[in-house]
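# An overview of the molecular structure
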Amino acid sequence: MMRMRIDSPEAYFESLRGLERRIYVMGERVENPVDHPMIRPSMNAVAETYDLGQEPEAEELLFVKSHLTGERVSRFTHIHQSTEDLVNKVLMQRLLGRRTSTCFQRCVGMDGINALYSVTYECDQACGTEYHDRLKEYIRYIQSENLVVDGAMTDVKGDRSLRPADQADPDMFVRVVERRSDGIVVRGAKAHQTGSINSHEILVMPTTAMRENEADYAVSFAVPADAEGITFILGRQPSDTRKLEGSPLDVGNPRYGSQEALVVFDDVFVPWERVFMCGEHEQSGKVVERFAAYHRQSYGGCKVGVGDVLVGAAQLAAFYAGVDRVSHVRDKITEMIHLNETLFSCGIACSARGEATPSGCYLVDVLLANICKHNVTRFPFEISRLLQDIAGGLVVTMPSQKDFENPEVAPYLEKYLKGSADIPTLDRVKVLKFIENMTMGCGAAAYLTESVHGAGSPQAQRIMIYRLADLEEKVKYVKRLADID
Ligand code: SF4
Ligand code: FE
């Protein structure tokens, strides 16, 4: 469908109303996801990418000049032209993580177009295909309309001990089931699709390096989210139905949230103009590696922004309880900051050490990006543990908003849940509810579990780290110093 360029949160919500999609939430088809209380907070988080907000640096971080058109475009639709672009991407993600304290979902599409940009260029050189120009045309389209793109990589994978072509059910990895003169027909499903229900477009990439007999699985394409044959099934999160209770206090971070869905492609037609890989199996591994590298860089920005909020929550909870000047509390907050800034350092380092690919698009330092994400699989847990330590057990024993509204018990809560005498009880409860959400409620889905598995589970980084570390060189260093031939 044709739409106007989206340039505000309101226009973004309207644009999603215009999509006719098959979306299921808790067993029911949802016609209007925009106003659904379990979906809307995640949409609000994406909407922040359309908002300059109050931060003076936001314009420079959120917008950039397109190398294709010279126009001012969202950085989420931009192809990185320098290490400065890579650094600014991380700064933008930290800013948005701070604003929302969750996953704002739009980075996967950005990381997808950047990975495909260099790989389609190299594929055309090696295989005589014409994917790169097609992709550029597609990028012009998403830039001009300012669309949200779901970058869809993770297949459902079936039996993990078997290759895609050896599965009992051949649809465990998205594949081409028919090649036609006007396009291809695809079938399969992508799991844990971040922000997919909040996206206008779905950009599919292969999930692993394919072999010669798996050419049908070496497929990359883009389709509108309302293309025929696509079904979205929303994933649940801990405490998600609190969003249906009409008690924002109990949600903890009521305005924002994250989202993952299972996206099913039931014989979806894709015209050739939107196909960016079809059978070039030897190119597929590069897409996975580069996409993963960009997204592992991303976590050195977004999760750090969330960490900023959690450090703030620790400080505030400590202050409300009257313990902010206690030395061990200060020490724990110092440790939280140390861990969080270490993640940021990794995000900046892999960006600053990025290099141009033959296509002109800049790629991060892949080893350092893997180090970045590997730290992210651990540090947010320690940050959360310290935050819970400081916050105290009340985080899991607080009564509900409805108790605070019941005149029979509210005075007891006011009196007995008070911390420092001059702090309103409810303010203290609000920050503790926020901590509950972030460390074990829906917020933890984005901050903790996503930190482990998003952009690849820990073992995926360890494989890359071992492979890229150049052990032979390191052996030479010691041999030279120890006089070993
Ligand atoms: Fe962006 Fe972070 Fe969410 Fe990935 S996890 S989409 S990098 S906010
Ligand atoms: Fe993610």
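Calculation rules
- Each chain carries its own residue numbering, running from 1 in the written order of its sequence.
- Chain A is the first chain written and ligand 1 is the first ligand written, with later ones labelled in order.
- Reporting of local features is limited, given that this is a predicted model, to residues whose pLDDT is at least 70; pairs of side-chain atoms are given and counted only at 80 or more, and all residues count toward the totals for whole chains, interfaces and linings.
- No hydrogens and no water enter the side-chain calculation; it runs on all heavy atoms of the structure.
- Strands are runs of DSSP state E lasting at least two residues, helices are runs of H or I lasting at least four, and both sets are numbered from the N terminus onward.
- With the radius of gyration taken over C-alpha atoms, the globule rule is written as 2.2 Å times the number of residues to the power 0.38.
- For each residue, the accessible area found with a 1.4 Å probe, counting protein chains only, is set against the maximum for its type, and the residue is called buried under 20%, exposed over 50%, and partly exposed in between.
- By definition in these notes, contact holds between two residues if any of their heavy atoms fall within 4.5 Å.
- Only the protein chains shown count as covering a residue, and every accessible area follows the Shrake-Rupley method with a 1.4 Å probe.
- The charge count treats Lys and Arg as positive and Asp and Glu as negative. His and the chain ends do not count.
- Taken as the charge location is NZ of Lys, CZ of Arg, CG of Asp or CD of Glu.
- For this text, the term disulfide refers to a pair of cysteine sulfurs within 2.5 Å.
- Strands are labelled as partners when DSSP assigns at least two bridges between them.
- How far each domain reaches was decided by an automatic or database domain assignment.
- Accessible area that two parts lose when put together, evaluated with a 1.4 Å probe and summed over both, is termed the buried area.
- What makes a salt bridge here is a side-chain nitrogen of Lys or Arg within 4 Å of a carboxyl oxygen of Asp or Glu, nothing more.
- The definition of a polar contact used here is a pair of N or O atoms within 3.5 Å, where within protein one atom must be able to donate a hydrogen and the other to accept one, and adjacent residues in sequence count solely through side-chain atom pairs.
- Any residue with at least one heavy atom within 4 Å of a molecule or strand is counted as near it.
- Charged means Asp, Glu, Lys or Arg here, nonpolar means Ala, Val, Leu, Ile, Met, Phe, Trp, Tyr, Cys or Pro, and polar covers whatever is left, Gly included.
- With water omitted from the atoms examined, metal sites may look incomplete; donors here are N, O and S atoms no farther than 2.8 Å from the metal, or 3.2 Å in the case of Na, K and Ca.
- Any Phe, Tyr or Trp ring, taking Trp's six-membered ring, that has another such ring centre within 6.5 Å forms a pair; planes under 30 degrees apart are called stacked, those over 60 apart edge-to-face, and the others tilted.
- Consider the ring centre and the ring normal. A charge sits over the ring if Lys NZ or Arg CZ is within 6 Å of that centre and within 35 degrees of that normal.
- Structural elements are reduced to axes, namely lines fitted to C-alpha atoms, with helices fitted over the stretch in contact, and the angle between N-to-C directions of any two is expressed from 0 to 180 degrees.

### Points about the overall build of the protein
Across its full length, the protein holds 17 helices and 14 strands. Against the globule reference of 23 Å for 485 residues, the protein gives a C-alpha radius of gyration of 23 Å, in line with a compact fold. Overall size of the protein, expressed as C-alpha extent along the three principal axes, is 75 × 70 × 50 Å. Expressed as a percentage of the 485 residues in the protein, the buried residues total 56%. Expressed as a percentage of contacts within the protein between residues at least 6 apart in sequence, the contacts between residues at least 24 apart total 77%. Summing over all exposed atoms, the protein offers an accessible surface of approximately 20,400 Å²; the carbon and sulfur share of this is 52%. Across the protein, the mean location of the 55 positive side-chain charges is 3 Å away from that of the 69 negative side-chain charges.

### Quick notes on the state of the cysteines
Taken as a whole and judged by the stated rule, the model has 0 disulfides. Cys372 forms no disulfide, and the closest cysteine sulfur to it belongs to Cys346, at a distance of 5.2 Å. The cysteine Cys442 is free of any disulfide, with Cys103 supplying the nearest cysteine sulfur at 13 Å.

### Quick word on the sheet that holds strand β1 (residues 22-25)
On the basis of which strands lie adjacent, the open sheet formed by 6 strands has the order β2-β1-β10-β11-β7-β6 and mixed pairing. Every interior strand has two partners, whereas the edge strands, β2 (28-29) and β6 (175-179), have only one. When strand β7 (residues 183-194) meets strand β11 (residues 260-271), the two strands line up antiparallel, connected through 9 bridges. Looking at the pairing, Gly188 lines up with Phe265 of β11.

### With respect to the domain arrangement of the protein
Partitioning the protein into domains gives domain 1 (9-281) and domain 2 (286-470). Look at where the C-alpha atoms of domain 1 and domain 2 centre, and you get two points 24 Å apart. Taken together, the contacts link 56 residues of domain 1 with 53 residues of domain 2. When the two sides are added together, the surface that domain 1 and domain 2 hide from each other amounts to roughly 4,300 Å², 64% of it contributed by carbon and sulfur. Across the contact surface, domain 1 and domain 2 share 7 salt bridges. Ionic pairing is found between Arg94 and Glu341, a salt bridge with its closest N-O pair at 2.8 Å. Joining domain 1 to domain 2, the criterion identifies 22 residue pairs in polar contact (both at pLDDT 80 or more). Listed by contribution, the elements that provide at least two residues to the side of domain 1 that touches domain 2 are α4 (83-100), α5 (107-127) and α7 (248-251). Examining the composition of the side of domain 1 that touches domain 2, we find that 12 residues originate from one element, α5, more than from any other.

### Here we look at the side chain of Ser298
Considering the arrangement of structural elements, one finds Ser298 in helix α8 (residues 281-321). Polar contacts involving the side chain of Ser298 include one to the side chain of Asp111, which spans 2.9 Å. Setting aside chain neighbours within four positions, we find Ser298 in contact with Lys89, Gln93, Cys107 and Asp111.

### Section: the site of ligand 1
Around ligand 1 sit Gln93, Cys103, Phe104, Gln105, Cys107, His295, Ser298, Tyr299, Cys302, Lys303 and Glu450, and those are all the residues in its vicinity. Grouping the constituent residues of the shell around ligand 1 by class yields 5 nonpolar, 4 polar and 2 charged. Inspection of the shell around ligand 1 shows a minimum of three residues originating in each of domain 1 (9-281) and domain 2 (286-470).

### Comments concerning the coordination of the iron ion (ligand 2)
With distances of 2.3 to 2.5 Å, the protein atoms coordinating the iron ion (ligand 2) are Tyr299 (OH) and Glu450 (OE). Pair noted here: Tyr299 is in helix α8 and Glu450 is in helix α15 (residues 442-453), with a separation of 151 residues, a long-range link. Judged by its relative accessible area of 2%, Tyr299 falls in the buried class. Here Glu450 falls in the buried class, since its relative accessible area comes to 11%.

### Some details on the packing of aromatic side chains
Per the counting criterion, the structure on display carries 8 aromatic pairs. Look at Tyr12 and Phe13: their rings are 5.7 Å apart centre to centre, the planes differ by 45°, and that puts the pair in the tilted class. Residue Tyr12 is classed as buried on the basis of its relative accessible area of 0%. Take Phe13: its relative accessible area is 10%, and that puts it in the buried class. Relative to Tyr320, the ring of Phe319 lies with its centre 6.1 Å away and its plane at 45°, an arrangement referred to as tilted. The exposure class assigned to Tyr320 is buried, which follows from its relative accessible area of 11%. One aromatic cluster is present, formed by Tyr12, Phe13 and Tyr50 through successive ring pairs. Sitting over the face of the ring of Phe344, Arg94 holds its NZ or CZ atom 4.4 Å from the ring centroid. The positively charged end of Lys373 is found above the aromatic ring belonging to Tyr299, 5.4 Å away from the centroid.

### What about the sheet that holds strand β8 (residues 201-204)?
Read from one edge to the other, the open sheet built from 4 strands follows the order β5-β8-β9-β12, with strand pairing classed as mixed. Of all the strands in the sheet, just β5 (149-152) and β12 (275-278) have a single pairing partner and so form its edges. Across the sheet, the mean angle from the axis of one strand to that of its neighbour is 20°, orientation sign disregarded. In the sheet, β8 pairs with strand β9 (residues 219-224) via 4 bridges, with the strands oriented antiparallel. From the neighbouring strand, Leu203 faces β9, where its bridge partner is Ala222. Strand contacts of helix α6 (residues 131-145): β5, β8, β9 and β12, with the helix running at about 145° to β12, the strand carrying the most contacts.

### Considering the pattern of salt bridges
The final tally for this structure, using the stated rule, is 31 salt bridges. Measuring nitrogen to oxygen at the nearest pair gives 3.4 Å for the salt bridge that ties Arg467 to Glu289. Residue Arg467 is found in helix α16 (residues 458-468), and its partner Glu289 is found in helix α8; the two are separated by 178 residues along the sequence.

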